[in-house]
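Okay, here's what each chain looks like letter by letter:
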Amino acid sequence: MATIFSKIAAGEIPSYKCAESDKFYAFLDINPVVKAHTLVIPRKEVDYIFDMDDDELAEFEVFAKKVAQAIRAAFPCKKVAQVVLGLEVNHAHIHLLPINTEGDVDFHKHVKLSDEEMKETAEKIWKEFKG
């Protein structure tokens, strides 16, 4: 059975797309910690990031780097944090969060953005990603 993330990457479930390639997909987290909080996933289902083959993991990180650069260009910040956690979805994923302080990475706090704000945010990241 396909994971929710596989269904999102396949377009079966709507998402706020930020970036994509034939192997990877990036979209806004629907319960963001900060504005532009993005999830990056491999299209191939793998439960645990460290179960990925070395080459796949390297490609995944390079794709995530490009997404992080697009986030930073679209939403100026000191850095884009990379967080790997999450037991709730059995599909490897990387959280990318634009931050100005380490305190910005608090998964107990969330921001509420309207559908329009989410669309605009995703479009800005997508534009920067596409270059």
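Please refer to the structure placed before this passage.
Criteria and thresholds
Residues numbered from 1 in each chain as written. Predicted model: local features only at pLDDT ≥ 70, side-chain atom pairs only at ≥ 80, totals over all residues. Heavy atoms only, no water. Helix = DSSP H or I, 4+ residues; strand = E, 2+ residues; numbered from the N terminus. Polar contact = N/O pair within 3.5 Å; in protein donor to acceptor, adjacent residues only side chain to side chain. Phe/Tyr/Trp six-rings, centres within 6.5 Å; stacked < 30°, edge-to-face > 60°. Buried < 20%, exposed > 50% of the residue type's maximum accessible area, 1.4 Å probe, protein only. Lys NZ or Arg CZ within 6 Å of the ring centre and 35° of its normal. Pairing = 2+ DSSP bridges. Axes fitted to C-alpha atoms, helices over the stretch in contact; angles between N-to-C directions. Contact = heavy atoms within 4.5 Å. Disulfide = S-S within 2.5 Å.

**A closer look at the side chain of Ser6**
Turning to its location among the elements, Ser6 is positioned in helix α1 (residues 4-9). A polar atom in the side chain of Ser6 sits 2.7 Å from the side chain of Glu45.

**Side note on the packing of aromatic side chains**
Tallied over the entire structure, the rule returns seven aromatic pairs. Ring centres of Phe24 and Phe60 lie 5.4 Å apart, and the angle between their planes is 25 degrees; on these two criteria the pair is classed as stacked. Here Phe60 lies in helix α2 (residues 54-74) and Phe24 lies in strand β2 (residues 24-28), a separation of 36 residues in the sequence. Across the pair, Phe60 and Phe24 agree in class, each one buried. With a centroid separation of 5.5 Å and an interplanar angle of 65 degrees, the aromatic rings of Phe63 and Phe129 are classed as edge-to-face. Highlighted residues: Phe63 in helix α2 and Phe129 in helix α3 (residues 115-130), separated in sequence by 66 residues. We classify Phe63 as buried; its relative accessible area is 5%. The rings of Phe24, Phe60, Phe63, Trp126 and Phe129 are connected pair by pair, giving a single aromatic cluster. Across from the ring centre of Trp126, 4.6 Å away, lies the NZ or CZ of Lys17, which sits over that ring.

**Overview of the sheet that holds β2**
Spatial strand order, β1-β2-β3-β5-β4: five strands in an open sheet with antiparallel pairing. Among the strands making up the open sheet, the edge pair consists of β1 (17-20) and β4 (79-83). Across this sheet, the average inter-strand angle for adjacent strands is 20 degrees, counted without regard to direction. Bridge count between β1 and β2: three bridges; the pairing is antiparallel. Looking at β2, one finds that Lys17 is bridged to Phe27. Its contacts with the sheet place α3 against β1, β2 and β3 (38-42), and it is angled at close to 25 degrees to β1.

**With respect to the state of the cysteines**
By the definition in use, this model includes zero disulfides. Its sulfur unpaired, Cys18 is 14 Å from the next cysteine sulfur, which belongs to Cys77. Classification of Cys18 as buried rests on a relative accessible area of 0%.

**Topic: the pairing of strand β5 (residues 94-99)**
Among the six residues that make up β5, six are buried, leaving the element largely enclosed by the rest of the structure. By the alternation rule, side chains of β5 split into Ile94, Leu96 and Pro98 and His95, Leu97 and Ile99, which are all buried. Where β3 lies against β5, three bridges are found, and the strand directions are antiparallel. From the neighbouring strand, Thr38 faces β5, where its bridge partner is Leu96. Inspection of the sheet shows β4 paired to β5 by five bridges, in the antiparallel sense. When the bridges of β5 are listed, Ala81 appears paired with Leu97.

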